[in-house]
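Each chain, written out:
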Amino acid sequence: RICAYGFTEIFNNAIDHSRGSVIYVEITIDDNNLEIIIMDNGVGIFQKIQKALQLESIREAILHLSKGKFTTDPSKHTGEGIFFTSRIFDSFSIFSDDIFYTFTGKDWFLSSEKKEDFGKGTYIKMSVSLISTKTPKEIMDQYSDQEIGFGKTIVAVALSADPNDPHVSRSQAKRLLMGLEKFRHVVLDFTGVQSVGQAFVDEVFRVFKNEHPQINIQYVNANEEVESMIKRGSTPKQ
C-alpha cells in the first residue's frame, strides 16, 4: 500500500506538473529494501514552485513544498501527495536544480550536487523496508483533524534561512508563515536554527497568532538562545 500510494502520487505529479515529454521509472529490491526512482525531463519542481509563488530562492520553494497543502494546480490537486509520500516511506529524496532534499522519518537534509547526466527536470527516490509495518492510514492519521482532515503540519524553520536575513525580520517570518493559515495545528521545528530576532518572534507568536486564534502553534528542538527569545516574545506585556 505504501508503494502503490507513493508511486501513483509521484507518477501523476510528473504527468500533470512537469511539462516534460518523458518519465523514467526504476524499481529495485535489494537486501529487504524496495527503492522506486521516478524521473522526468520537465521544468523542475523547485523552479516551478519558485516561479508560481514569486519566491527569492529555490530553498524557499523547498520550504513551501515541505509544508503540505501547496500545489501549482489547485483545480486538480490538493497539495498533499508529496507531503504524505515523504512521510510513509523510510527515505524520500527530491533532486532538482542541483539541490537534493531528503526526508527520513522526522529529519531532513539539504545538499548541493551536480549531476552531469541529469539535465532539467525532477528526480525522486523513495525507499521502504520490505518488513515495514507502517500503513499510509497510520501516517495520515498523525496529521489529521476530524473536522477538516489534513490539519497538522510540521515546518522545518531552518529551510527558510536567508544569509542576508537569518530569522531576524518580520519579512522573514511572513515568508515562513505563508500558507500556514490552512492548518489547525502547526509545529515549528527549530532544528539547526542558532538564533532568532525579536521582530521575527513577535510576527510568528503574537501577530500571526492574533490573526489566526484557531491555529495551535507549537515549537520543538529550540536551543537555549532561541527558547529564551521565544518565551520573552510570547510573554504578555503588563
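Residues numbered from 1 in each chain as written. Predicted model: local features only at pLDDT ≥ 70, side-chain atom pairs only at ≥ 80, totals over all residues. Heavy atoms only, no water.

1. Quick look at the overall build of the protein
A tally of helices and strands in the protein yields eight helices and eleven strands. Buried residues in the protein amount to 48% of all 238 residues. Surface exposure of the protein reaches about 12500 Å², of which carbon and sulfur atoms provide 50%. (Helix = DSSP H or I, 4+ residues; strand = E, 2+ residues; numbered from the N terminus. Buried < 20%, exposed > 50% of the residue type's maximum accessible area, 1.4 Å probe, protein only. Areas by Shrake-Rupley, 256 points an atom, 1.4 Å probe, with all protein chains shown as cover.)

2. Comments concerning unusual backbone geometry
With the exception of glycine, the majority of residues adopt a negative phi angle, and the majority of peptide bonds are in the trans configuration. Its identity is not glycine, yet Gln54 carries a phi of approximately 55°, on the positive side. Tracing the sequence through the fold places Gln54 in the loop between α2 (45–53) and α3 (58–67). Overall, Gln54 belongs to the exposed group, its relative accessible area being 72%. Positioned with a positive phi, Asp98 is a non-glycine residue whose angle comes to about 65°. Position of Asp98 relative to the elements: it lies in the loop between β3 (91–96) and β4 (99–104). Since its relative accessible area comes to 28%, Asp98 is described here as partly exposed.

3. Observations regarding the packing of helix α7 (residues 198–211) against helix α8 (residues 224–234)
α8 packs onto α7 with a crossing angle of 60° between their chain directions and a minimal axis gap of 9 Å. In terms of orientation, α7 lies oblique with respect to α8. Classified by chirality, the crossing of α8 by α7 is right-handed. For the pair formed by α7 and α8, the contact residues are Gln198, Val201 and Phe205 on the first element and Met229, Ile230, Gly233 and Ser234 on the second. (Axes fitted to C-alpha atoms, helices over the stretch in contact; angles between N-to-C directions. Parallel < 35°, antiparallel > 145°, perpendicular 65-115°, else oblique. Left-handed = near helix turned anticlockwise from the far one by under 90°. Contact = heavy atoms within 4.5 Å.)

4. Let's talk about the sheet that holds strand β11 (residues 216–220)
Sheet architecture is open: three strands sit in the order β9-β10-β11, paired in parallel fashion. Two strands in the sheet have a free side with no partner beyond their single neighbour: β9 (152–156) and β11. Adjacent strand axes in the sheet meet at a mean angle of 20°, parallel and antiparallel pairs treated alike. Note that strand β10 (residues 185–189) and β11 share five bridges and pair parallel. The partner of Val186 across the bridge, within β11, is Ile217. Contacting β10 and β11, α7 crosses the sheet at an angle of about 165° to β11. (Pairing = 2+ DSSP bridges.)

5. Section: the pairing of strand β6 (residues 122–129)
Most of β6 is tucked away: six of the eight residues are buried. With eight bridges connecting them, strand β2 (residues 33–40) and β6 associate as antiparallel partners. Residue pairing across strands places Leu34 opposite Val128, the latter belonging to β6. Pairing analysis gives five bridges linking β3 to β6, with the strands arranged antiparallel. For Ile94, the partnering residue across the bridge sits in β6 and is Ile124.

6. Structural notes on helix α4 (residues 81–88)
Burial of α4 is extensive: eight of the eight residues sit out of reach of the surface. Along α4, the residues that are buried comprise Gly81, Ile82, Phe83, Phe84, Thr85, Ser86, Arg87 and Ile88.

7. Some points on the packing of aromatic side chains
Enumeration according to the criterion identifies six aromatic pairs in this entry. Both rings, one in Phe100 and one in Tyr123, keep their centres 6.2 Å apart while their planes meet at 90°; by these two values the pair is edge-to-face. Of this pair, Phe100 sits in strand β4 while Tyr123 is found in strand β6, placing the two residues 23 residues apart along the sequence. This pair shows no difference in class: Phe100 is buried, exactly as Tyr123 is. Each member of the aromatic cluster is reached from another via a ring pair, and the members are Phe95, Phe100 and Tyr123. Sitting over the ring of Phe83, Arg87 keeps its end group 3.8 Å from the ring centre. Above the ring of Phe103, the side-chain terminus of Arg87 is found at 4.4 Å from the ring centroid. (Phe/Tyr/Trp six-rings, centres within 6.5 Å; stacked < 30°, edge-to-face > 60°. Lys NZ or Arg CZ within 6 Å of the ring centre and 35° of its normal.)

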